[in-house]
Amino acid sequence: LEGPDWVQTIRRSALAAFNENGLPGPKHERWKFTSLKSLEKQPYLPAFKSVVANDQIQRLMEDTVCVVIVNGQFDKAASDLSALPDGVIITGLADAIENHANLVEPHLGRLASAEQHHFPALNASFMQDGLFIHLPRNVTVEPVIEVNFVTTAVADHQAFQPRNLIVAEAGSNATVLEHWYGHGDYLNNSVTEVMVGDNAHLGHYRLNAESEEASHISTITPVVGRDASYDNFTLTTGAKLARNEIHVALRGTGAVSHLNGAYLLNGHQHTDTTTHTDHLVEHGNSNQTYKGVIADKGHAVFQGKIHVHPGAQKTDGYQFNQAILLSDTAEIDSKPELEIYADDVKCSHGATAGQIDQQALFYMRSRGIPYAEARALLIESFLAESVELIEHEGVQETFMDIMRTRLRSL
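Here the structure is a predicted model, which means the values were calculated and not measured.

**Considerations on the nonpolar core**
So, step 1. Counting residues in hydrophobic clusters, the biggest one holds 35 residues, and the most contacted among them are Val67, Ile90, Ile133, Ile145, Val147, Leu202 and Tyr230.
So, step 2. Those elements giving two or more residues to this core turn out to be β2 (65–70), β5 (131–135), β6 (145–152), β8 (163–168), β9 (173–183), β10 (186–196), β12 (215–224) and β14 (241–250).
So, step 3. When residues no more than four places from it in sequence are discounted, the contact partners of Tyr230 are Val194, Val196, Leu202, His204, Ile220, Pro222, Val224, Val256, Ser257, His258 and Leu259.
So, step 4. If you look at the next biggest cluster of nonpolar residues, it comprises 30 residues, including Val144, Val293, Ile390 and Leu407.

Structure, rendered in structure tokens:
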């Protein structure tokens, strides 16, 4: 094992937990709608280190801080961090453990429990590198921090275990945009631990455009402090199997979390969005809106749970899931939940699924709009209601453009 003793302890503890629990199966309540048989049957090779040429990096936006992670490992040569304010640290996790252990050790492995979660245990067992971001107190990073997670599998059936840690100290402010893409048949099992300090704000946006043969398992565990806010949006267009799992802990009074997303599926794609929001103290606010469009034999899953703990009075929690099914074989399983142990709260949830509005489609066609264009406009307006919730206007516009391009293939 590489690294200091405390890192080796994390790895050993996680490996013991994974050996005891293994991969989740249909008897596990949070996994009953998502089968992992394709992963169980296929042996995966450990990751190989690789590099990418500059023309292989698919930047989503201009004038951003460019960070490149290749096959789960930080690529310093391909990254451009010149626009960062003084004091901000962006580097690989391995480098951070070696050179900034005092900033890493209090958080790494403590926010994503290996004992409670299967894939974080697998990730921690084999973690080598990933992304580390540290925002000092009261520092604002104006440009978007765009992180390119590039997978260039040397051979099929490789498993990558990127481990990411984002620490936003009190009063800091930044926007992180993740772009996941690659080629081949591989598994990306990523874990991102996030600490948002008091009065800090973090916009955390993700585009899953993985290879159509790939599997993408993502676990994010934000902890939000007093009067702080965490804004998350995930747009899923890629991967044959995707799981977007977020566990938010609102630990400070007045903490806010926004978990939103959209997914566009076709073929045999399977996408699972599972969220868990813990309201631990009073005056917390959480909102969730996920919308999807499913064609062919695509299958989507939404499981959202708001857990209001005793004493978390004045909580305001909301979650909503909507989906449009474009074929008779498209499928969605939706399970919003509320678990409330306080009496002065405002919480609600809902879920709907159905076909495209034929009356609206007929109305548009009767006014000379061709069928394909009318259909695309209706779907776009449906999904736009979730994309418009992104707080950063530049990211919002970028995701809208990506969504319009993806709609052409549905």
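**A closer look at the packing of aromatic side chains**
So, step 1. All chains considered together, the criterion is met by 5 aromatic pairs.
So, step 2. Judged by centre distance (5.9 Å) and plane angle (55°), the ring pair of Phe233 and Phe399 falls under tilted. Remark: Phe399 occurs in helix α8 (residues 393–407) and Phe233 occurs in strand β13 (residues 229–236); sequence separation between them is 166 residues.
So, step 3. Look at Phe233 and you get buried, because its relative accessible area is 1%.
So, step 4. According to the relative accessible area criterion, Phe399 is buried, its value standing at 0%.
So, step 5. On the basis of an interplanar angle of 40° and a centroid distance of 5.5 Å, the ring pair of Tyr290 and Phe302 is categorised as tilted. Remark: Phe302 occurs in strand β18 (residues 299–308) and Tyr290 occurs in strand β17 (residues 285–294); sequence separation between them is 12 residues.

**Digging into the pattern of salt bridges**
So, step 1. Evaluated as defined, the whole model comprises 14 salt bridges.
So, step 2. Asp272 is the partner of Arg243 in a salt bridge, and the nearest nitrogen-oxygen pair spans 2.7 Å. Here Arg243 is found in strand β14, whereas its partner Asp272 is found in strand β16 (residues 270–279), with 29 residues between them in sequence. Take Arg243 and Asp272: they sit in the same class, and that class is buried.
So, step 3. A single network of salt bridges, built from pairs that share partners, joins Glu29, Lys32 and Lys335.

**Quick notes on the pairing of β5**
So, step 1. Taken across its 5 residues, β5 has 5 buried, putting it largely inside the fold.
So, step 2. Sheet topology places strand β4 (residues 89–92) next to β5; 4 bridges connect them, and they run antiparallel. In the strand pairing of β5, Gly92 is matched with Leu131.
So, step 3. Strand direction decides the pairing type here: β5 and β8, joined by 4 bridges, are parallel. Opposite His134, over in β8, you have Val167 as the bridge partner.

**Observations regarding the side chain of Gln161**
So, step 1. Positionally, Gln161 belongs in the loop between β7 (158–160) and β8.
So, step 2. One polar contact links Gln161 to Asn189, side chain to side chain, over a distance of 2.8 Å.

**A few points about unusual backbone geometry**
So, step 1. Positive phi is not limited to glycine here, since Asp63 has a value of about 55°.
So, step 2. Relative to the helices and strands, Asp63 resides in the loop between β1 (45–46) and β2.
So, step 3. For Ala239, which is not glycine, the phi torsion reads 75° and is therefore positive.
So, step 4. Turning to its location among the elements, Ala239 is positioned in the loop between β13 and β14.
So, step 5. Residue classification places Ala239 among the buried positions, given a relative accessible area of 0%.

**Comments concerning helix α5 (residues 118–126)**
So, step 1. α5 sits mainly inside the fold: 8 of its 9 residues count as buried.
So, step 2. Within the sequence span of α5, burial applies to His118, Phe119, Pro120, Ala121, Leu122, Asn123, Ala124 and Ser125.
So, step 3. Packing partners of the buried residues in α5 comprise α1 (5–21), α2 (37–41), β8, β10 and β12.

**Topic: the environment of Val293**
So, step 1. Inspection of the secondary structure puts Val293 in strand β17.
So, step 2. Each C-alpha atom of the pair Val293 and Phe382 lies 9.1 Å from the other, and the pair is 89 residues apart in sequence.
So, step 3. Excluding its chain neighbours within four sequence positions, the residues that come into contact with Val293 are Tyr263, Leu264, Leu265, Ile324, Leu326, Ile379, Phe382, Leu383 and Leu410.

**What about the sheet that holds strand β15 (residues 256–265)?**
So, step 1. Strands sit in the order β3-β2-β6-β9-β11-β13-β15-β17-β19-β21 across an open sheet of 10 strands; the sheet is mixed. Only two strands of the sheet have a single neighbouring strand rather than two, namely β3 (73–74) and β21 (345–354).
So, step 2. One ladder, built from 8 bridges, connects strand β11 (residues 201–209) with β13; its direction is parallel. Of the residues in β13, the one forming a bridge with Arg206 is Thr234.
So, step 3. Those strands touched by α8 are β9, β11, β13 and β15, and its axis lies near 15° from that of β11.

Scoring rules and cut-offs
- For every chain, the first residue of its written sequence is number 1, and the numbers climb from 1 along that sequence.
- Where totals are concerned, whole chains, interfaces and linings use all residues; where local detail is concerned, this predicted model gives features only for residues with pLDDT of at least 70, and gives and counts side-chain atom pairs only at 80 or more.
- Only hydrogens and water are set aside; all other atoms, that is, all heavy atoms of the structure, feed into the side-chain values.
- Grouping buried Ala, Val, Leu, Ile, Met, Phe, Trp, Tyr and Cys residues that are joined through side-chain atoms within 4.5 Å yields what is termed a nonpolar core.
- With a 1.4 Å probe rolled over the protein chains alone, any residue whose accessible area is under 20% of its type maximum counts as buried; one over 50% counts as exposed, and the rest are partly exposed.
- A run of H or I in DSSP counts as a helix once it spans at least four residues, and a run of E counts as a strand once it spans at least two, with each numbered from the N terminus.
- Contacts: residue pairs with any heavy atoms within 4.5 Å of one another.
- Centres within 6.5 Å are what make two rings of Phe, Tyr or Trp a pair, Trp counting through its six-membered ring; a difference in plane orientation under 30 degrees is then read as stacked, over 60 as edge-to-face, and the rest as tilted.
- A side-chain nitrogen of Lys or Arg and a carboxyl oxygen of Asp or Glu constitute a salt bridge if their distance falls within 4 Å.
- By the convention used here, strands pair only if DSSP detects at least 2 bridges between them.
- Any pair of nitrogen or oxygen atoms within 3.5 Å is treated as a polar contact; in protein, a donor-acceptor pairing is required on top of that, and neighbouring residues in sequence qualify only through side-chain atoms on both sides.
- Axis lines are fitted to C-alpha atoms, over the contacting stretch for helices. Their N-to-C directions set the angle, which ranges from 0 to 180 degrees.

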